Structure formats: C-alpha cells, structure tokens
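In case you want the letters, here they are:
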Amino acid sequence: MNKIKVNGSLEYLVDELKGTILKIDGEDLVFDELFFSGDTATFICKHKVYNLQLLDFKQEEKTFVVKVNQNVYSLSLQDKYDQLLEKMGVAIADTNAIKILKAPMPGLVLDVLVREGQLLAKGDNLVVLEAMKMENIIKSPADLQVKRIHIAKGDKLEKNTLMIEFV
C-alpha cells in the first residue's frame, strides 16, 4: 500500500492498479477504459473522461507533477519502505533535519557497521539487527555524518531504542 500526498495536504492510501481497478482509501475506483501513450493517459471513470499528462517526475524524491484536464497537481509518493523509515523516526522530507535513528523493532545487534564521525551516503549500511531469527540491515536514509553511536554489538534492543545520532 502506497501513500500519495496531493498538493502537500490531501493524503490517500493507494493500492496498485489491478486491471481497471484502483483501490483508494479502501474503496475500489473502477475505470471504464484506460489508455496509455508515453507520458499521457486517458481514462474514463463514472462516464467522465480524464486526460492526464506527466509534466515532471523526480525519481529520487518520488515526486510527480501531473496535469489532469486543465488542473495541475503535485504528488509525492511514499512506498512501504518510506513508511517503515517514517515509523523508525528517520523519514523526514528535509534530510538536514534527520538527527536520530531508532530501532524499528526489538532485536539483537549483530554488528555496527559505522563509526563516530563517519560520512555516510544515502543507502549505506549502518547496523545489522537480528529480529525474529532474521538479519535486517538498517541503511542510511540520507547523506549524513555520524555524531554518536549509542549501541554496540551484542546489545539487546527494544523498539524505538536510540541507536545512532547524526550531526
């Protein structure tokens, strides 16, 4: 399930399109017809025709600007991974504001892969956490610098335990 925010305010839970059915906030939206061609689409829903054109797309930021008929909308997408990061307390739109990383679940620290003062790139491995007999690699949500590490190999963590502080 994805979250889509429209114009920075309206938020919808959207399941992926299956055939001609799109689930929005738990309700089925049935399209009578769907036509795709490059960066445009035409769809008919409840006997109304909608022409959609993709005006801008930023893959890294997961943002879109679309024009539907004569109206322009800014959309931002949060997939299941973004939603997990948000629950962990690290999914913040302004990456300069990311200051801490908390344990997303209870578990055992198998390894700490960073050191204090280290510069990180988005996606770098930070911590290996064992939870429910599975190894989970926690990754950096942005380009950051490690300020302080609050955990060590062998520590048993509760959910939301402070693991790492960033500059």
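Structure first, text after, so check above.
Below, the structure is looked at part by part. (Residues numbered from 1 in each chain as written. Predicted model: local features only at pLDDT ≥ 70, side-chain atom pairs only at ≥ 80, totals over all residues. Heavy atoms only, no water.)

1. Concerning unusual backbone geometry
Operational definition: Put simply, DSSP H or I for four residues or longer makes a helix, DSSP E for two residues or longer makes a strand, and each gets a number counted from the N terminus. Residue burial is assigned from relative accessible area. The probe radius is 1.4 Å, only protein chains are included, and a residue is buried under 20% of its type maximum, exposed over 50%, and partly exposed in between.
One non-glycine residue, K46, lies in the positive phi region at around 50°. Position of K46 relative to the elements: it lies in the loop between β6 (40-45) and β7 (48-58). Judged by its relative accessible area of 65%, K46 falls in the exposed class. Its identity as a non-glycine residue notwithstanding, N69 has a phi of 55°, on the positive side. Summarising the element assignment, N69 is placed in the loop between β8 (63-68) and β9 (71-78).

2. Notes on the pattern of salt bridges
Quick note on the threshold: Salt bridge criterion: a side-chain nitrogen from Lys or Arg within 4 Å of a carboxyl oxygen from Asp or Glu.
Evaluated as defined, the whole model comprises five salt bridges. Note that K23 is salt-bridged to D28, the shortest N-O span being 2.9 Å. Looking at D28, the relative accessible area reads 47%, which means it is partly exposed. For the salt bridge of K58 with D56, the shortest nitrogen-to-oxygen distance reads 3.8 Å. Judged by its relative accessible area of 40%, K58 is partly exposed.

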